[in-house]
Amino acid sequence: MKPSPRNLIGILVLLAGLTVYALLVMQLGARIAEQSILLQTLFYIVTGLLWLWPARVLLGWMGRAKGRESDNP
């Protein structure tokens, strides 16, 4: 089975997106560094989970290419 170009595009978008997202979270995290530990904890829990939604959508998009290939004999 040959990998689809959709997988390569998806991986590159995921890596670039996560890099930009991590840099953004670090910048925002630096601004709340002097805040209470509870606020910091909530911030990092929320931002640590927030990236999962776009990644799930992207991985679903990547997986649809495999379903189409298996339908064609």
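Residues numbered from 1 in each chain as written. Predicted model: local features only at pLDDT ≥ 70, side-chain atom pairs only at ≥ 80, totals over all residues. Heavy atoms only, no water.

(A) View of the overall build of the protein. A count of helical and extended segments in the protein gives three helices and zero strands. Walking the protein from its N terminus toward its C terminus, one meets helices and strands in the order α-α-α. Taking all 73 residues of the protein together, 19% fall into the buried category. Long-range contacts, defined as pairs at least 24 residues apart, comprise 70% of the intrachain contacts of the protein with a sequence gap of at least 6. Element-wise, carbon and sulfur atoms account for 72% of the exposed surface of the protein, whose accessible area totals about 6000 Å². (Helix = DSSP H or I, 4+ residues; strand = E, 2+ residues; numbered from the N terminus. Buried < 20%, exposed > 50% of the residue type's maximum accessible area, 1.4 Å probe, protein only. Contact = heavy atoms within 4.5 Å. Areas by Shrake-Rupley, 256 points an atom, 1.4 Å probe, with all protein chains shown as cover.)

(B) Fine view of the confidence of the model for the protein. Averaged over all residues, the pLDDT of the protein is 87; the fraction at 70 or higher stands at 86%. Helix α3 (residues 52-71) is the least confidently modelled element of the protein, averaging 78 in pLDDT, while helix α2 (residues 37-50) averages 95, the highest of any element. (pLDDT = per-residue confidence, 0-100.)

(C) Geometry of a nonpolar patch on the surface. A cluster of nonpolar side chains, contributed by Leu18, Ile45, Leu49, Trp51 and Leu52, occupies part of the molecular surface with about 430 Å² of accessible area. Considering the arrangement of structural elements, one finds Trp51 in the loop between α2 and α3. Assessed through its relative accessible area of 32%, Trp51 is described here as partly exposed. (Patch = residues over 30% accessible without salt bridge, like charges linked within 9 Å, V, L, I, M, F, W, Y side chains within 5 Å. Salt bridge = Lys/Arg side-chain N within 4 Å of Asp/Glu carboxyl O.)

(D) A look at the environment of Asn7. Relative to the assigned elements, Asn7 resides in helix α1 (residues 5-31). Taking the relative accessible area as the measure of exposure, Asn7 reaches 15% and is therefore buried. Taking the C-alpha atoms as reference, Asn7 lies 8.9 Å from Trp61; in sequence the two are 54 residues apart.

(E) Looking closely at α1. In a regular helix each residue adds 1.5 Å, so 27 residues correspond to 39 Å; α1 covers 40 Å between its end C-alpha atoms and thus fits that length. Of all the residues in α1, the buried ones are Arg6, Asn7, Gly10, Val25 and Gly29. (Expected span 1.5 Å × (residues − 1).)

(F) Local environment of the packing of aromatic side chains. This model, assessed by the stated rule, comprises one aromatic pair. Summarising the aromatic geometry, the rings of Phe43 and Tyr44 are spaced 5.0 Å apart at their centres and angled 75° between planes, so their arrangement reads as edge-to-face. (Phe/Tyr/Trp six-rings, centres within 6.5 Å; stacked < 30°, edge-to-face > 60°.)

(G) Structural context of α2. The first and last C-alpha atoms of α2 sit 20 Å apart over 14 residues, in line with the 20 Å expected at 1.5 Å per residue. Buried residues of α2: Gln40, Phe43 and Thr47, and no others. Buried positions in α2, seen along its axis, are confined to an arc of 65° and lie on one side of it. In α2, those exposed residues whose orientation departs by more than 90 degrees from the buried face are Ile37, Leu38, Val46 and Leu49. (Arc of directions from axis to C-beta.)

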